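Each chain is listed here by its residues.
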Amino acid sequence: MKLPHGLSEHDLLRRLDRFQIETPSWAYADTGTRFGKFLQDAAAVTIDDKLADAAAVHRVTGCCPTFAVHVLWDFTAAADPAIVAAKAAALGLGIGSINPNTFQDQCYKLGSVTNRDPAIRRRAIDHILACISLGSRVGSNILSLWFADGTNYPGQGHIRQRKRWIADALHEVHRALPDAMSMLVEYKPFEPAFYHTDIADWGMACAFARHAGPRAKVLVDLGHHLHGCNVEHIVAFLIDEGLLGGFHFNDRKYADDDLVAGSLDPFQLFRIFHEIVLAERETGADLPIAYMIDQSECIKPKAESMIETVMTIQEQFTKALLVDHRAAAAARERDDIVMAGRALKDAFATDVRPFLADYRAARNLPRDPLDAFRQSGHLARAAAERAPRKPRNSGSYA
Ligand code: PSV
Ligand code: MN
């Protein structure tokens, strides 16, 4: 494989060693669409199952040592979070981002931190504060916030008032962060709200993060943009503002489809990584970005689709590392747009899979993680053990 000017093989290998991807608990459980859920025998039911799947993914990929939790979906009131963290550690995993949930309780129908009722706003903030203490107990260093708040009809809400409520809430939450924890603000243009969403885009997320405090940054979920949006431009802009905090990787065709990352547009993933690598090359340091997956696969087997996503992310990141920045910069100096673009295309066209297979083998990892996972029999064992614990599907399941 041809390495670009300024990148030694040693540097390439070390950078890959430092490239870690977090998998989410919720991607291992049964999910569906609003039209229904198709159950998979092997999909996780409990937090223990989810941890077992995440550990299996980490075992074959070697680059997924942390596990994101969604508090209400993963921690029951009775369960001791420290036990969950200990179970994760026993499997070689750490607890990654903590995701509060201010969107599923009945009281949040008309908003959480933007609700007209101060008691409901308080309840939402208190839940987030409780998530911070839970996060500290399980060793998490990221509080990851997404709000479903918004309205469906013009006139339904006072948009500026709601904006101030969010700003105040995030400011209060930021004050409660322990030193080791940072906070990410995720945006989304629509869904579940259809007329206006209170944090609809990266600019709003930036403004809220700035208002909240220095440890608040923006989270870019690849499924949360309107069609035609240039996501790598947003990424470059956020990097330059020092406000790019993390990603939720997935792919999409229409909206927040939560499909396997890079399955539709691997070039977009490459272009995003190109902006990151370019900035890292210029500063000589890794950017402090949390690389996380937010996937909700409902027709492929859960853990396999997760491995596919991880492998695709690793491949596109490696390709981005191969861009010859010197050649691209020299071409730009001559206004040679053709050759400047060619530097990117050459890297994107490189088949890095044989290199990554060797890379893994040198680290005692399987050359082909997907194949190794299939050989391990994890899916069949999980299906046999978990299926009896699930409600039976007789035609339709709600
Ligand atoms: C919302 O669509 C989102 O992207 C947020 O990150 C949530 O935490 C996650 O999906 C829940 O599935
Ligand atoms: Mn997300």
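Residues numbered from 1 in each chain as written. Chains lettered and ligands numbered in written order. Predicted model: local features only at pLDDT ≥ 70, side-chain atom pairs only at ≥ 80, totals over all residues. Heavy atoms only, no water.

Caption draft 1: Up close: the coordination of the manganese ion (ligand 2). Donor atoms from the polypeptide that bind the manganese ion (ligand 2) are Glu186 (OE), Asp221 (OD), His248 (ND1) and Asp294 (OD), placed at 2.2 Å. Coordination at the manganese ion (ligand 2) is octahedral, judged from the 6 donor atoms that bind it and the angles of 71 to 164° they form at the metal. Each donor residue of the manganese ion (ligand 2) lies on the same chain, and together they follow the pattern E-x34-D-x26-H-x45-D. With a gap of 46 residues between them, histidine 248 in strand β11 (residues 244-249) and aspartate 294 in the loop between β12 (290-293) and α10 (302-321) connect regions that are remote in the sequence. (Donors = N, O, S within 2.8 Å, 3.2 Å for Na, K, Ca; no water. Tetrahedral: all angles 85-135°; square planar, octahedral: opposite > 155°, others 65-115°. Helix = DSSP H or I, 4+ residues; strand = E, 2+ residues; numbered from the N terminus.)

Caption draft 2: Looking closely at the pairing of strand β6 (residues 142-145). Of the two faces of β6, the one lined by Ile142 and Ser144 and the one lined by Leu143 and Leu145 are each fully buried. Inspection of the sheet shows β6 paired to strand β8 (residues 182-186) by 4 bridges, in the parallel sense. Pairing of leucine 145 across the sheet is with valine 185, part of β8. (Buried < 20%, exposed > 50% of the residue type's maximum accessible area, 1.4 Å probe, protein only. Pairing = 2+ DSSP bridges.)

Caption draft 3: A look at the environment of alanine 43. Looking at where alanine 43 falls in the secondary structure, it is placed in the loop between β3 (36-37) and α2 (47-61). Overall, the relative accessible area of 0% leaves alanine 43 in the buried class. Taking C-alpha positions, alanine 43 is 19 Å from threonine 61, a pair spaced 18 residues apart along the chain. Residues in contact with alanine 43, not counting those within four places in the same chain, are Tyr28, Ala29, Asp30, Lys302, Arg386 and Lys390. (Contact = heavy atoms within 4.5 Å.)

Caption draft 4: Expanded view of a nonpolar patch on the surface. Taken together, Phe190, Phe194 and Leu226 make up a surface patch of nonpolar side chains, about 320 Å² in accessible area. In this fold, leucine 226 is placed in the loop between β10 (216-221) and α8 (231-240). Look at leucine 226 and you get exposed, because its relative accessible area is 54%. (Patch = residues over 30% accessible without salt bridge, like charges linked within 9 Å, V, L, I, M, F, W, Y side chains within 5 Å. Areas by Shrake-Rupley, 256 points an atom, 1.4 Å probe, with all protein chains shown as cover. Salt bridge = Lys/Arg side-chain N within 4 Å of Asp/Glu carboxyl O.)

Any functional reading would require information that these geometric values do not contain.
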